[in-house]
Amino acid sequence: VELSPDGIVLAQDDAILFVNQRFTELFGYSRDELIGDDLPVLINNKLSEIMSTLSETEKRQLKENLPGVLANDPGPRMYELPILTKDNDLLWIEVNSNPIDYRGKSARLAFIRDITDRKRIEQMKTEFVSLVSHQLRTPVGMIRGYIDNMLSGLTGELTDKQREYLEEMRDIGAKNYTLISDLLNVSRIERGVVSVYI
């Protein structure tokens, strides 16, 4: 248990009964500070400060997950949460919480993994896709405009072969423009700029 790469916490009626060394390292608290403490309060600590640092998508995810933090409901739960450590460092954690019987009463055993680096990489990927999509969409749109002008005769008469090539280029340009627009919309959804309702 002490050698586990994940933080481990045992809680009963929300009170912390046990934590391993990795858990204390993640949160920055000593065992004495944690044992007997209220786990949801610990995780929700300084929630307003956390919210101010998150994207709209991350805020929505946090609001969905918080009500169930180590709740005594049946079945396992897995979710991601941002927390502030004792030193006010923002940390993203993945919580894998399971119900167990401890001394004749229901309890929760949770494995906590630091996924801060993964979340940072996901954010970088989203920003990169957004930047590239913005940079590509403008020149592709201009090329489509030039092709339309040529096909409409603004640059002079075209041979049949020239027209055939330009029409093919226009079709390829339209498909590329749609693909770039889709990528841009995906990055907007991931950043919470737009919402999707099903």
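Residues numbered from 1 in each chain as written. Predicted model: local features only at pLDDT ≥ 70, side-chain atom pairs only at ≥ 80, totals over all residues. Heavy atoms only, no water.

This paragraph deals with the sheet that holds strand β3 (residues 77-84). Sheet strands associate in pairs through backbone hydrogen bonding, adopting either a parallel or an antiparallel arrangement. Spatially, five strands are ordered β2-β1-β5-β4-β3 in an open sheet, and the strand pairing comes out antiparallel. Edge positions in the open sheet fall to β2 (15-19) and β3, since each of these has one partner strand only. When strand polarity is set aside, the average angle formed by the axes of neighbouring strands in this sheet is 30°. Two elements, strand β1 (residues 7-12) and strand β5 (residues 105-114), share five bridges in a ladder whose sense is antiparallel. By the bridge assignment, alanine 11 is partnered in β5 with arginine 108. On the sheet, helix α6 (residues 116-151) packs against β3, β4 (90-102) and β5 and is oriented at approximately 130° with respect to β4. (Pairing = 2+ DSSP bridges. Helix = DSSP H or I, 4+ residues; strand = E, 2+ residues; numbered from the N terminus. Axes fitted to C-alpha atoms, helices over the stretch in contact; angles between N-to-C directions. Contact = heavy atoms within 4.5 Å.)

All right, on to the pairing of β5 then. Walk down a regular strand and you will see the side chains alternate between the two sheet faces. When β4 meets β5, the two strands line up antiparallel, connected through 10 bridges. Looking at the pairing, glutamate 94 lines up with arginine 113 of β5. Hairpin geometry of β4 and β5 is characterised by an intervening segment of two residues between the two adjacent antiparallel strands and by a positive phi of about 55° at arginine 103.

A few words on the side chain of arginine 108. Within the secondary structure, arginine 108 is located in strand β5. At 3.0 Å, the side chain of arginine 108 and the side chain of serine 97 are in polar contact. (Polar contact = N/O pair within 3.5 Å; in protein donor to acceptor, adjacent residues only side chain to side chain.)

With that settled, consider the packing of aromatic side chains. For the structure shown, the criterion picks out one aromatic pair. Ring plane angle 25° and centroid distance 4.4 Å describe the contact between phenylalanine 23 and phenylalanine 27, whose orientation is recorded as stacked. With a gap of four residues between them, phenylalanine 23 and phenylalanine 27 both fall in helix α1 (residues 21-27), about one helical turn apart. Given the relative accessible area of 0%, phenylalanine 23 is considered buried. Residue classification places phenylalanine 27 among the buried residues on the basis of a relative accessible area of 1%. One cation-aromatic arrangement involves arginine 144 over tyrosine 177; the distance from NZ or CZ to the ring centre is 4.9 Å. (Phe/Tyr/Trp six-rings, centres within 6.5 Å; stacked < 30°, edge-to-face > 60°. Buried < 20%, exposed > 50% of the residue type's maximum accessible area, 1.4 Å probe, protein only. Lys NZ or Arg CZ within 6 Å of the ring centre and 35° of its normal.)

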